[in-house]
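Examining the three-dimensional arrangement
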Amino acid sequence: NPQLSRFLLSVQSEYNSEFRDIFLIALFTGARKSNILSMRWDEIDLDHMTWTIPETKNGEELLIPLFSDANDILKQRRTYVDSDWVFPSNSKSGHIVEIKTGFKRVLDQADIHDIRFHDLRRTFATILTSKNTPYFVIKHALGHKVQDVTMVYARIDLATHREAINLVGEHIRSCFMPTEYSQ
């Protein structure tokens, strides 16, 4: 996908490491912006490569397996972020709340228009769909509540969810991802 490749090249050249890491975590996890920005270190298990979102938009906890590159980003951040928040700031909340300027800068550099941050979540789902990931796995990966009967019977274990996350990560990496992330 040429647009995704341009976006990733632009993200890699972003001088603000917080924005760069937020955008990559969004692509690698499919998580909502609010969950990413309010991510806390006590939700992250770097050894088991998981992120537990205590309460998603639908009010439920969500366990997200982390693709190795996402885990590496978080490991690196852990070495220099001295806060309960993964993306701290001096805001009233204690974490970054506004990313519009960084996102616009990345999009402008990549010559991409009419894209919102939430489209990174859609990109995640689209990649999963293109890799023939079952619908119920995609719904689980996105943390959606599902009303249909299939979800009553389908249960996603961590290994299946991790496999789906790895598919997205490998696809993003194939569009050009350097192996190391620098501050």
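The preceding data block contains the structure.
Read on for a plain summary of the structure.

Thresholds applied
- Residues numbered from 1 in each chain as written.
- Predicted model: local features only at pLDDT ≥ 70, side-chain atom pairs only at ≥ 80, totals over all residues.
- Heavy atoms only, no water.
- Helix = DSSP H or I, 4+ residues; strand = E, 2+ residues; numbered from the N terminus.
- Buried < 20%, exposed > 50% of the residue type's maximum accessible area, 1.4 Å probe, protein only.
- Areas by Shrake-Rupley, 256 points an atom, 1.4 Å probe, with all protein chains shown as cover.
- 1 Å grid on protein atoms, 1.4 Å probe; cavity = no way out; pocket = protein on both sides within 12 Å on 5 of 7 lines; lining within 4 Å.
- Points joined across faces, edges and corners; volume = space filled by probe spheres on them.
- Nonpolar A, V, L, I, M, F, W, Y, C, P; charged D, E, K, R; others polar.
- Core = buried A, V, L, I, M, F, W, Y, C linked by side-chain atoms within 4.5 Å.
- Axes fitted to C-alpha atoms, helices over the stretch in contact; angles between N-to-C directions.
- Parallel < 35°, antiparallel > 145°, perpendicular 65-115°, else oblique.
- Left-handed = near helix turned anticlockwise from the far one by under 90°.
- Contact = heavy atoms within 4.5 Å.
- Salt bridge = Lys/Arg side-chain N within 4 Å of Asp/Glu carboxyl O.

1. Some thoughts on the overall build of the chain
- Counting secondary structure elements, the chain contains nine helices and three strands.
- Walking the chain from its N terminus toward its C terminus, one meets helices and strands in the order α-α-α-β-β-β-α-α-α-α-α-α.
- Out of the 183 residues in the chain, the part that is buried amounts to 49%.
- For the chain, the accessible area works out to roughly 9,600 Å², and carbon and sulfur atoms hold 50% of it.

2. So, empty space enclosed by the protein
- Under the counting rule described, the total for this entry stands at two cavities of 30 Å³ or more.
- Of the pockets and cavities examined, the largest cavity occupies roughly 40 Å³.
- Residue lining of the largest cavity: Gly 30, Ala 31, Arg 32, Asn 35, Ile 53, Thr 56, Leu 62, Ile 64, Arg 121, Ala 141 and Leu 142, and that is the complete set.
- Its residues assigned to classes, the lining of the largest cavity shows six nonpolar, three polar and two charged.

3. A closer look at the nonpolar core
- Ranked by internal contacts, the top residues of the largest apolar core, which has 53 residues, are Phe 7, Ile 22, Phe 23, Ile 36, Trp 51, Leu 74 and Phe 117.
- With eight residues, the single largest contributor to this core is helix 2 (residues 17-29).

4. Notes on the packing of helix 2 against helix 4 (residues 68-80)
- Where helix 2 contacts helix 4, the two axes come as close as 9 Å, and the packing angle between them is 150°. Considering the angle they form, helix 2 stands roughly antiparallel to helix 4. Seen from above, helix 2 lies across helix 4 with left-handed handedness. On the side of helix 2, the interface is formed by Ser 17, Glu 18, Asp 21, Leu 24, Ile 25 and Phe 28, while helix 4 contributes Asp 69, Ala 70, Ile 73, Leu 74, Arg 77 and Tyr 80.
- The class makeup of the residues in the contact of helix 2 with helix 4 is seven nonpolar, one polar and four charged.

5. Examining the pattern of salt bridges
- Going through the model one piece at a time under the given rule, you end up with 10 salt bridges.
- Between Arg 20 and Asp 21 there is a salt bridge, with the nearest N and O atoms lying 3.6 Å from each other. The exposure classification of Arg 20 matches that of Asp 21, with both residues buried.
- Here Asp 21 ties to Arg 77 by a salt bridge, and the two come within 2.9 Å at their closest N and O atoms. Placement of the pair is Asp 21 in helix 2 and Arg 77 in helix 4, with a sequence separation of 56 residues.
- By relative accessible area, which is 0% here, Arg 77 ends up buried.
- Salt bridges here are not isolated pairs; linked through shared partners, they connect Glu 18, Arg 20, Asp 21 and Arg 77.

6. Quick word on the environment of Ala 70
- Along the chain, the position of Ala 70 falls in helix 4.
- The exposure class of Ala 70 is buried, given its relative accessible area of 0%.
- Placed 99 residues apart in sequence, Ala 70 and Gly 169 show a C-alpha to C-alpha distance of 8.4 Å.
- Each residue touching Ala 70, except ones within four places of it in the same chain, is listed here: Ile 25 and Phe 28.

Everything listed here is a matter of geometry and, on its own, says nothing about what the molecule does.
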